[in-house]
Amino acid sequence: MPFRLVQKPGSGGAVLEGVVMRFAEWEPVYERILSDFGFDRDADERARDLMATYAEPFDHDRLSTVAGATVAVVGAAPGLADEADRVADADLVFAASTAADVVRDAGYRVDLMVTDLDKNPATASALTESGTPVAAHAHGDNVPAIREWLPRFDAEHVLATTQAAPRCPVENFGGFTDGDRAAFLADAFGAERLRFVGWDFDDTSVTGQKAKKLDWAARLLAWLERRRGERFDVLDGRRDDLDVRFATGGSEETE
């Protein structure tokens, strides 16, 4: 993988060079998200720093098989159980949050679980204990979960992530929700094709802030597919309505 530890001025420690470059691209998008939701950047950074006290540098070679692979990016939509078999012929499975439980219950392996610890942290802990990598995410609202659960994880199998600036060993590969973050992780490690399973942007049971987050997930995937020169079937029928000016410097308010 094209990453190496370097000392970055003002970073508070060594960071991964490739991730530093990625954050320069991600930061303007992150700032739009902070503004849209009214989130506190300082709170995200405090959560990141707390995560750093429990985490260890993750060996990127653990995910070297992602390069050139078809990765099933599995979301936690209510209908996931009915389509879980779609992961069968993918090379690797990246599962977001409770999707990890559904996929495993269906008899399939999870190669990476992506979670912010809010629903099924016991599953994440058990996966690390069995040697399966878990991308555990720190943000301003999950400090209590980090304190409670990270000490129970096997740190060797934790890929610690943040949506703020990376600080070793906590990394930033882009993405906001567990689901789209799984897609950004697959992209960062060189996946040739992303297959989306268990996604439902029209889920009527999702309201309020969760619905707003789902909308952001769709917009971020639209940005990712443009960057990859790919078209994700999960966006068919809604692609033209998704505003990705947040990634191009355009004003969402005035354009």
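Residues numbered from 1 in each chain as written. Predicted model: local features only at pLDDT ≥ 70, side-chain atom pairs only at ≥ 80, totals over all residues. Heavy atoms only, no water.

Peer 1: How would you explain the nonpolar core if you had to name every residue and give the values?
Peer 2: By size, the foremost hydrophobic cluster in this structure holds 48 residues, and its most contacted members are Val71, Leu185, Leu194, Phe196, Leu220, Leu221 and Leu235. For this core, the element with the highest residue contribution is helix 8 (residues 208–228), accounting for eight residues. Not counting residues up to four positions away in its chain, the partners in contact with Phe196 are Val73, Arg86, Ala183, Leu221, Phe232, Asp233 and Val234. In this structure, Ala100, Ala124, Val134 and Trp149 belong to the second largest nonpolar core, which totals 32 residues. (Core = buried A, V, L, I, M, F, W, Y, C linked by side-chain atoms within 4.5 Å. Buried < 20%, exposed > 50% of the residue type's maximum accessible area, 1.4 Å probe, protein only. Helix = DSSP H or I, 4+ residues; strand = E, 2+ residues; numbered from the N terminus. Contact = heavy atoms within 4.5 Å.)

Peer 1: Hey, could you go over the confidence of the model for the protein for me, with residue numbers and the actual values?
Peer 2: For the protein, per-residue confidence averages 91 on the pLDDT scale, and residues scoring 70 or more make up 89% of the total. Low pLDDT (under 50) marks residues 1–16, which in the prediction has 37 contacts with non-local residues, meaning those over four places away or in another chain. (pLDDT = per-residue confidence, 0-100.)

Peer 1: Now, about helix 2 (residues 41–54): what can you tell me, with residues and values included?
Peer 2: The end-to-end C-alpha distance of helix 2, which contains 14 residues, comes to 21 Å, matching closely the 20 Å that a straight helix rising 1.5 Å per residue would cover. If you check which residues of helix 2 are buried, you get Ala43, Asp44, Ala47, Arg48, Leu50, Met51 and Ala52. The backbone nitrogen of Asp42 lies 2.9 Å from a side-chain oxygen of the residue at the head of helix 2, namely Asp40. (Expected span 1.5 Å × (residues − 1). Polar contact = N/O pair within 3.5 Å; in protein donor to acceptor, adjacent residues only side chain to side chain.)

Peer 1: Can you explain unusual backbone geometry? Please cite residues and give values.
Peer 2: Here Cys168 and Pro169 are connected by a cis peptide whose omega angle stands at 10 degrees. Unusually for a residue other than glycine, Ser97 sits at a positive phi of about 50 degrees. Tracing the backbone through its elements, the reader meets Ser97 in the loop between strand 4 (92–96) and helix 4 (99–105). Its identity as a non-glycine residue notwithstanding, Leu117 has a phi of 70 degrees, on the positive side. Its place among the elements puts Leu117 in the loop between strand 5 (112–115) and helix 5 (121–129). By relative accessible area, Leu117 is classed as buried at 4%.

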